[in-house]
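This is what each chain is made of:
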Amino acid sequence: MAIAPMEKILIVAHRSQAAELLEALQEAGLVHLLDAAQAMVSKEWPELQTEFRRPRELEELLGRLERAIEFLESFAPEPSKGGLFSSRLPVESSRYLSIISGQEAMTLLEETEHLEDRLEELRSEQEQTSEQLHRLLPWRNLTCRLEDLTAFSSVEVYAGMIPVQHAASAQTALEELSCLVETVGQAENRKAFLVLSWGGRTAEIQRVLRSAEFEPMHLEGLQGTPSELIEQCRWRLQEIDQEMGQVRRQAADLSQRSVELKVLADYYRNLLERKTAQAQAAATEQTLFLEGWTKQKDYPRVQEIVRRFSACDVTVLIPMEGEEPPVEIENAGLVRPFETITNLYGVPSPRDVDPTVFLAPFFAVFFGLCLTDAGYGIVLTALLVWVLRKLQGDKRAIQMLLICSILTIAAGAVTGSWFADTIQALLPQEEGSLGARLNLWREKLMLFDPMQDPLIFIGLALGLGYVQILFGLAVAFVNLLQQRRYAEAVFEKLTWIVLLNCLLILGLASQKTVPAFLAAPAGWLALATAAVIFWFTERKSGLAGRIGGGTFAVFSTVFYLGDILSYVRLMALGMVTGGLGMAINILTKLLMDIPYVGFVLGLVLFVAGHGVNIVLSLLSAFVHSLRLQFVEFFPKFFSGGGREFSPLRTRYKHVLVVENQTRKA
């Protein structure tokens, strides 16, 4: 329930044992390693080797594996993953070890690459052959062999395409130059022209052809009549189609074994991380210096791992002046899922407090008030429980939404909203009927009706906002006291707590909600506090700075009031959810009055309408509850800007290694 205390450590390892040590550290996932540029040992002993060489062979092999996996996935008859919520394929540990220690996966990689290369060659040839066929089709009526057209010594031959709109004028102009012009065929809006000239006037002929947008056909290398060449192209295209089909079938067969490539890719990705960590560390010819951070509670485990190796040792370092450790927040129980919100905002600085435990109850309550419908909460709860059972990996976000959905049920119950006003509007209310009994239970659970008493909802939203703002200031006050920053704690936090409470008492006294005699002392105390804020907020500045900064600080009271008013959105979103649901129910009622098909149409509208309302309200509830934390609450005590604790650990992208399962007889 806090930011984990960190210990800076230095592990010294002989190069002969460095690889095995790094593998053990990666498996344990306890140490956040620093590269040579960040390490303190490099600064104290500049003579250490710090040249970083990328493990290019491993990077290239990993790239080949990822390309092969992607290629086979495109031909897999069925998705090889576990499903929509299962992104990784479970693999038993014994099979994992068998695959990484054998050669079958590498052979599969080479076969896959061969198929991919062959398919690419066929696609290229198919494209070239199709283009040639397209060029030859307009010439299919030409009966002479094309190689004969290039065999003349005294006759110039021009073969090519001319746009239809220029064909007549070009033919006339060429015939005036004593050329023999023949239109062989046509394709779309272009005509195939064959022009023969018996020497001379070449420049004039070419000028006419250029003006007619003549596109020459290259005859070099073509042998046979156009009809024969067209037939050869069609025959070759059929052959290519057949061979591509065969390659695709082979790829589909190999895709059944793609898990072997995925295992190998995950293995080499982890090996690459170890090699990179080793290459980035400060070192001598025989020794490796691994400097990094570990959580204080994990240091004994790190010692235990290092002691397994005879030529390695670990010690604790005193951090350099100003050096800040990486940050990891640790929470348990119902608070841990709300780390999702903290991580969305950013990593706390080491001097911050972990905001997760403070935001968790507020976020869940705000989310419930924005939805404010018990029926919607039940639907979301059932859906999220199902997703939790299917989902692999990090489930904190879904767990957080599940908690919020349960609070939505409570918020809907106390406001009497069950799929809006479905119980009252759509169910019969005769005495003794199901609708009447449900409505009786609804009224027993309901504390207030937002549609009848919206001021109660507004007061609840503003009250929650006031409490959260004051709570944020109190958290900051205590945190500053713990850091012995007493002046900041008193002049920048405590004063605002006092001033805001005095203003609240003044407001309540004017409405006769609290005794009137409290107004006078509250007013004097507010003036005194405002004076302290005015004079001591910019206490390190000169006279002008004090006056200017103090004036702005006192004026900031308006900003606090604006922050509190921002919480009215809780009421607005809750009312919108209920109002839209009531509109859906009215339309449903109208449809149900239609004879014969009315019930079915009404049921469809009811399900679809409330389904859309749930989705829209869910998004609004999440976004606006998040905004209140990030914009109104966090700035009161949270600065952020920390560096995430990212230990060297085994990560799997494609597979999920599970313990061997005993097969049932």
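Residues numbered from 1 in each chain as written. Predicted model: local features only at pLDDT ≥ 70, side-chain atom pairs only at ≥ 80, totals over all residues. Heavy atoms only, no water.

*Asks:* Give me the lowdown on the pairing of strand β4 (residues 89-92), citing residues and values where you can.
*Replies:* Across the two faces of β4 the burial differs, with L89 and V91 buried and P90 and E92 not buried at all. Pairing of β4 with strand β13 (residues 655-658), which is carried by four bridges, proceeds in the parallel orientation. Of the residues in β13, the one forming a bridge with L89 is V655. (Buried < 20%, exposed > 50% of the residue type's maximum accessible area, 1.4 Å probe, protein only. Helix = DSSP H or I, 4+ residues; strand = E, 2+ residues; numbered from the N terminus. Pairing = 2+ DSSP bridges.)

*Asks:* Quick rundown of the packing of helix α5 (residues 104-136) against helix α10 (residues 258-280)? Include the residues and the values.
*Replies:* Closest axis-to-axis distance for the α5/α10 pair is 9 Å, and the angle between their directions is 110°. The angle between the axes of α5 and α10 places the two elements in the roughly perpendicular class. The handedness of the crossing between α5 and α10 comes out as left-handed. Residues E104, A105, M106, L108, L109 and T112 of α5 form the contact with α10, whose own contacting residues are E260, L261 and L264. Across the contact of α5 with α10, the residue classes tally to six nonpolar, one polar and two charged. (Axes fitted to C-alpha atoms, helices over the stretch in contact; angles between N-to-C directions. Parallel < 35°, antiparallel > 145°, perpendicular 65-115°, else oblique. Left-handed = near helix turned anticlockwise from the far one by under 90°. Contact = heavy atoms within 4.5 Å. Nonpolar A, V, L, I, M, F, W, Y, C, P; charged D, E, K, R; others polar.)

*Asks:* Describe the sheet that holds strand β5 (residues 156-163), listing the residues and the values that go with them.
*Replies:* If you trace the four strands from one edge of the open sheet to the other, you get β6-β7-β5-β8, paired in antiparallel fashion. Pairing within the sheet leaves two strands with one partner each, and these edge strands are β6 (180-187) and β8 (215-216). Sheet topology places β5 next to strand β7 (residues 190-197); eight bridges connect them, and they run antiparallel. Considered in β7, the bridge of V157 is made with L196.

*Asks:* Mind laying out the nonpolar core, listing which residues take part and the relevant values?
*Replies:* One finds F338, F363 and F637 to be the most contacted residues of the largest nonpolar core, which totals 60 residues. Ranked by the residues each element gives to this core, the list is headed by helix α13 (residues 356-371), at 10 residues. Ignoring any residue separated from it by four or fewer positions in sequence, one finds F637 in contact with D352, V353, P355, F358, G472, V475 and A476. Among the nonpolar cores identified, the runner-up in size contains 33 residues, and I69, A105, M244 and L272 belong to it. (Core = buried A, V, L, I, M, F, W, Y, C linked by side-chain atoms within 4.5 Å.)

*Asks:* Describe the packing of aromatic side chains, with residues and values.
*Replies:* Within the structure shown, the criterion is met by 28 aromatic pairs. Seen in terms of ring centroids, F338 and F363 are 6.3 Å apart; in terms of plane orientation they differ by 75°. Their pairing is edge-to-face. Residue F338 is located in the loop between β12 (329-330) and α12 (339-345), and its partner F363 is located in helix α13; the two are separated by 25 residues in the primary sequence. Like F338, the residue F363 is buried in the burial classification. Between F630 and F634, the aromatic rings sit 5.6 Å apart at their centres with planes inclined by 50°, giving tilted as the arrangement. F630 gets classed as buried once you look at its relative accessible area, which sits at 17%. (Phe/Tyr/Trp six-rings, centres within 6.5 Å; stacked < 30°, edge-to-face > 60°.)

*Asks:* Can you explain helix α17 (residues 434-445)? Please cite residues and give values.
*Replies:* An ideal rise of 1.5 Å per residue puts 16 Å on 12 residues; α17 measures up with 17 Å between its terminal C-alpha atoms. Along α17, the residues classified as buried are G435, N439 and R442. End-on, the buried residues of α17 take up no more than an arc of 55°, which puts them together on one face. For α17, exposure combined with an orientation more than 90 degrees from the buried face picks out L434, W441 and K444. At its buried positions, α17 is contacted by α16 (422-426). (Expected span 1.5 Å × (residues − 1). Arc of directions from axis to C-beta.)

*Asks:* If you had to explain the side chain of H610 to someone new, which residues and values would you point to?
*Replies:* Counting through the fold element by element, H610 comes out in helix α24 (residues 598-633). Of note is the side chain of H610, whose polar atom sits 2.6 Å from the side chain of Y376. H610 has contacts with Y376, F419, A420, T422, G581, I584, N585 and L605, leaving out every residue within four places of it along the chain. (Polar contact = N/O pair within 3.5 Å; in protein donor to acceptor, adjacent residues only side chain to side chain.)

*Asks:* An account of unusual backbone geometry is requested, with residue identities and associated values reported.
*Replies:* Although it is not a glycine, A420 sits at a positive phi angle of roughly 60°. With respect to the secondary-structure elements, A420 resides in the loop between α15 (396-415) and α16. Its identity as a non-glycine residue notwithstanding, R484 has a phi of 65°, on the positive side. Summarising the element assignment, R484 is placed in the loop between α18 (454-482) and α19 (486-510).

*Asks:* Explain the packing of α18 against helix α23 (residues 568-592) to me, using residue names and the numbers behind them.
*Replies:* In contact at an axis separation of 7 Å, α18 and α23 are set at 140° when each is read in the N-to-C sense. Judged by the inter-axis angle, α18 sits oblique to α23. Helix-helix and strand crossings are classified by hand; for α18 and α23 the assignment is right-handed. Contacts between α18 and α23 involve P454, F457, I458, A461 and L462 from the former and V568, L570, M571, G574 and M575 from the latter. For the contact of α18 with α23, the per-class residue count stands at nine nonpolar, one polar and no charged.

*Asks:* So what's going on with the pairing of β7? Residues and values would help.
*Replies:* β7 sits mainly inside the fold: six of its eight residues count as buried. As paired strands, β6 and β7 are joined by seven bridges and run antiparallel to one another. Bridged to E182 within β7 is L194.

*Asks:* Explain the confidence of the model for the protein to me, using residue names and the numbers behind them.
*Replies:* Reading fine detail from the predicted coordinates is not recommended where pLDDT is low. On average, residues of the protein carry a pLDDT of 89, and 97% of them reach 70 or more. Confidence, read as mean pLDDT per element, is least for helix α2 (residues 40-44) in the protein (79) and greatest for helix α11 (residues 299-306) (95). (pLDDT = per-residue confidence, 0-100.)

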